[in-house]
Amino acid sequence: MPLVSTYDIVDMVVEEASEQFGSRWSISKDKRKNLKTDCALIDRLVSEFDCESAEADVNDETMKLTVSIICPDMVLEYGRTHPFFTLIQHAESFSFSAVEDSLKVDFVFAGLWEHKD
């Protein structure tokens, strides 16, 4: 398990983005709870596949959160019971790309911020 959890990284990035978006946008307690669960799943992947710790970024225009991990490789066993499959059901999208000799996996989460009336 990394010294800093994925949720710690994501929470810091989300807080910075929330300040930037202003007081008219907020994240509900339910969405924050779901995000915490998703980050725990990412931590499991980081541990299982010996990945580098997660990175997070929020797109200022789309308000989508991307969480990325870089792994030497990823072999998904046990069919659809693997935590990866739970995670991709929660994400709006995911993608794989090559980074040097490693595999980068991006998980994109949308709809976190809600407009306050």
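Above this text you will find the structure in question.
Owing to the predicted nature of the structure, the values given are computational and were not obtained by experimental measurement.

Engineer: Is there a simple way to explain the packing of helix α2 (residues 29–48) against helix α3 (residues 83–90) in this structure?
Structural biologist: Packed helix pairs are characterised by how far apart their axes lie and by the angle those axes make with each other. Two elements in contact, α2 and α3, have axes whose closest approach is 10 Å; the angle formed by their N-to-C orientations is 145 degrees. Crossing angle aside, the handedness with which α2 passes α3 is left-handed. Between α2 and α3, the contacting residues are Asp38, Leu41, Ile42, Arg44 and Leu45 on the first element and Pro83, Phe84, Thr86, Leu87 and His90 on the second. A class-by-class count of the residues in the contact of α2 with α3 yields six nonpolar, two polar and two charged.

Engineer: How do you make sense of the state of the cysteines when you look at a structure like this?
Structural biologist: The bond known as a disulfide is covalent and runs between the sulfur atoms of two cysteines. In this structure the tally under the stated criterion is one disulfide. The disulfide that involves Cys51 links it to Cys71, with 2.0 Å between the sulfurs. Because the sign of the S-S torsion sets the handedness, a value of about 80 degrees for the bond joining Cys51 and Cys71 places this disulfide among the right-handed ones. With Cys51 in the loop between α2 and β2 (55–58) and Cys71 in strand β3 (residues 65–71), this pair connects stretches of sequence that are 20 residues apart. Judged on exposure class, the residue Cys51 and its partner Cys71 are both buried.

Each value, and the rule that gives it
Residues numbered from 1 in each chain as written. Predicted model: local features only at pLDDT ≥ 70, side-chain atom pairs only at ≥ 80, totals over all residues. Heavy atoms only, no water. Axes fitted to C-alpha atoms, helices over the stretch in contact; angles between N-to-C directions. Helix = DSSP H or I, 4+ residues; strand = E, 2+ residues; numbered from the N terminus. Left-handed = near helix turned anticlockwise from the far one by under 90°. Contact = heavy atoms within 4.5 Å. Nonpolar A, V, L, I, M, F, W, Y, C, P; charged D, E, K, R; others polar. Disulfide = S-S within 2.5 Å. Buried < 20%, exposed > 50% of the residue type's maximum accessible area, 1.4 Å probe, protein only.

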